[in-house]
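Coordinate inspection notes
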Amino acid sequence: MAEPDVKSTATSRMSALDFVYKLAGLIAFFYAYIFFVGWIYLVSFYGEFSVDLWALDFPIYTFPASSVIALSGVLLEKLMITLVILILVSMLVSKVRTAPRPARRVVSWLQGLLAQFDVELCQMRYSLRIPRTLSLAFVALFFVLATAALTSVQGIKAARQTWKGGTQVRLVFKAGDKQVFDAELVEANRSNHLSLLTQTKDLVIVFEPLGESISKESVFVLARADVVSVHTWTEGKR
């Protein structure tokens, strides 16, 4: 009876552990990435209203969930356009032999330019003794920062859209409360001119959309204890 190969068994176990470690690292990086994207989106969104994000005390799952909104819309369209361009370029390269001579010359020149750039990049990396993992880290960092910039723009656009067409709200203040509210807030609430920004277990944040641009003077942060109820409706429905 043949004895099991101890060396091959140990190697297979190490390979399996290495795969698990790499998979765990990939999952951790992906979660950190979507958390960061969601955080940037919410900071940009509420920053337009001059509201401190940390004062809202959102649950931790809010940030990854918000990344879905951040990565949709314009950003998703940009990714789709990039994918289409890559597909068209690959089709062009595959058909280069049957293309007219001027087109073949242009494509050949581009291929040579990209190949020379790749060679120069590799030579620079080796001359500076930059490890491959560090090079990949720089690429990943550039991707994250580029995504953060696009996500920030997306959050600002969403804030401006909310300012122009937010959910209308009517507040019922605590009857026995001696606190004096701003006259502008009371009048806007009486005239049904308030819109809801967000509400948490401790805060209710509303705003009066005056003008085209967001004004922090028209944003009101109220303690939940001072509000009995919050009645919301969409325009045309009460």
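Residues numbered from 1 in each chain as written. Predicted model: local features only at pLDDT ≥ 70, side-chain atom pairs only at ≥ 80, totals over all residues. Heavy atoms only, no water.

1. A word on the pairing of strand β1 (residues 167-173)
Rules: By definition, two strands form a pair when at least two bridges between them are found by DSSP. Secondary structure elements follow DSSP: runs of H or I of four or more residues count as helices, runs of E of two or more count as strands, with numbering from the N terminus.
When β1 meets strand β2 (residues 195-199), the two strands line up antiparallel, connected through two bridges. Of the residues in β2, the one forming a bridge with threonine 167 is leucine 196.

2. Examining the packing of aromatic side chains
Note the threshold: Here the aromatic set is Phe, Tyr and Trp, taking the six-membered ring for Trp, and pairing holds for ring centres within 6.5 Å; pairs whose planes are under 30 degrees apart are stacked, those over 60 apart are edge-to-face, and all others are tilted. Only protein chains enter the accessibility calculation, which uses a 1.4 Å probe; a residue whose area is less than 20% of its type maximum is buried, one above 50% is exposed, and one in between is partly exposed.
Summed over the entire model, instances satisfying the criterion amount to twelve aromatic pairs. Ring centres of tyrosine 46 and phenylalanine 58 lie 5.9 Å apart, and the angle between their planes is 45 degrees; this geometry places the pair in the tilted category. Of this pair, tyrosine 46 sits in helix α1 (residues 6-47) while phenylalanine 58 sits in the loop between α2 (53-56) and α3 (62-70); the two residues are twelve residues apart in sequence, bridging distant segments of the chain. Residue class for phenylalanine 58 comes out buried when judged on its relative accessible area of 18%. Seen from their ring centres, phenylalanine 49 and phenylalanine 207 are 5.4 Å apart, and the 40 degrees between their planes marks the pair as tilted.

3. A short note on a nonpolar patch on the surface
Rule in force here: Patches in this entry comprise residues that are over 30% relatively accessible and not in a salt bridge; like charges within 9 Å are linked, as are nonpolar side chains (Val, Leu, Ile, Met, Phe, Trp, Tyr) within 5 Å. Areas reported as accessible are Shrake-Rupley estimates using a 1.4 Å probe. Residue values count occlusion only from the protein chains shown. Only one rule defines a salt bridge in this text: a Lys or Arg side-chain nitrogen within 4 Å of an Asp or Glu carboxyl oxygen.
A cluster of nonpolar side chains, namely Leu17, Phe19, Val20, Tyr21, Leu23, Leu26 and Ile27, defines an oily patch on the protein surface of about 740 Å² accessible area. Mapped onto the elements, leucine 17 comes out in helix α1.

4. Some words on the sheet that holds strand β3 (residues 203-207)
As a reminder, the rule being used: Note on geometry: axes are lines fitted to C-alpha atoms, helical ones only across the stretch in contact, with angles between N-to-C directions running from 0 to 180 degrees. The criterion used for residue contact is that any of the two residues' heavy atoms lie within 4.5 Å.
Strand order across the open sheet formed by five strands is β4-β3-β2-β1-β5, with antiparallel pairing between neighbours. The open sheet is flanked by β4 (219-223) and β5 (227-233), the only strands paired with a single partner. Across the sheet, the mean angle from the axis of one strand to that of its neighbour is 35 degrees, orientation sign disregarded. Bridging between β1 and β5 involves six bridges; their strand directions are antiparallel. The residue bridging arginine 170 from the neighbouring strand is histidine 231, located in β5. Relative to β1, helix α7 (residues 183-190) is tilted by about 115 degrees, and along the sheet it contacts β1, β3 and β4.

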